[in-house]
Structure formats: structure tokens, C-alpha cells
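Here is what each chain is made of, one letter per residue.
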Amino acid sequence: MASRIAPRLVLTMFTHSRCQLCVTAKEALEIVRQRVPFEMKEVDIRQPGNEKWFEEYKFDVPVIHANDEFLLWHRVNVDDT
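Residues numbered from 1 in each chain as written. Predicted model: local features only at pLDDT ≥ 70, side-chain atom pairs only at ≥ 80, totals over all residues. Heavy atoms only, no water.

Observations concerning the sheet that holds strand β3 (residues 63-66)
The strand order across the open sheet built from four strands is β2-β1-β3-β4, with neighbouring strands paired in mixed fashion. Each having just a single partner strand, β2 (39-44) and β4 (69-73) make up the two edges of the open sheet. Averaged over neighbouring strand pairs, the angle between their axes works out to 25° when direction is ignored. Sheet topology places strand β1 (residues 10-15) next to β2; six bridges connect them, and they run parallel. Looking across to β2, one finds that Thr 12 is bridged to Lys 41. With respect to the sheet, helix α1 (residues 20-33) is in contact with β1, β2 and β3, its orientation differing from that of β1 by roughly 170°. (Pairing = 2+ DSSP bridges. Helix = DSSP H or I, 4+ residues; strand = E, 2+ residues; numbered from the N terminus. Axes fitted to C-alpha atoms, helices over the stretch in contact; angles between N-to-C directions. Contact = heavy atoms within 4.5 Å.)

Structural notes on α1
Its 14 residues place the ends of α1 20 Å apart at the C-alpha level, agreeing with the 20 Å of an ideal helix rising 1.5 Å per residue. Buried residues of α1: Cys 22, Ala 25, Ala 28, Leu 29 and Val 32, and no others. Summarising the axial view, the buried residues of α1 lie within an arc of 125°, below the 170-degree limit, and thus occupy one face. For α1, the exposed residues lying more than 90 degrees away from the buried face are Gln 20 and Glu 27. Where α1 is buried, its residues meet β1, β2 and β3. (Expected span 1.5 Å × (residues − 1). Buried < 20%, exposed > 50% of the residue type's maximum accessible area, 1.4 Å probe, protein only. Arc of directions from axis to C-beta.)

Some remarks on the state of the cysteines
Applying the stated criterion to the full structure yields one disulfide. Each sulfur of the disulfide joining Cys 19 and Cys 22 lies 2.2 Å from the other. On the sign convention where negative is left-handed, the bridge of Cys 19 and Cys 22, at about 80° about the S-S bond, is right-handed. (Disulfide = S-S within 2.5 Å.)

Scope: geometric values only; no functional claims are made or implied.
What follows is the structure in C-alpha cells.
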């Protein structure tokens, strides 16, 4: 019998350097990662090449995508994960 491998979970956080909510969200995601393994990527929406994301999320960071699909924004509630 072949073993089943769980799909890989990749979370992408859209952020920028002056985002205090992003720091808090990142800390909460580290707690979540202890229960649910995932890979984490960060996209700084203010960096060149990220204009699309800046226009989309400039008033809403942090924004989290799970495997390239919108998951949540503004706050990560550890109790809901």
C-alpha cells in the first residue's frame, strides 16, 4: 500500500517594513506552525516588482494567502486555527 503524502502548505504574507500588525501576525503564525507545518514566504508590497500587490493590499496588510489563495487579512487569531 502506498503511503499518502499530505499536500504542502505554503503561506504567503503580504507586508511592508512599517507594518506593526504584520509583526504581530508573524508571531501568531509561528505559534500556529507548531501545530500545523507550513512554509512561509513574505512579499514586501513596497518593493519594485510588487506594484500589483501594493495596489491590491496597500490599506490591508498583513494579508495571508494559502497556496496562492486568499486566506485572511489584518489579524491572525491563533484560537481559530
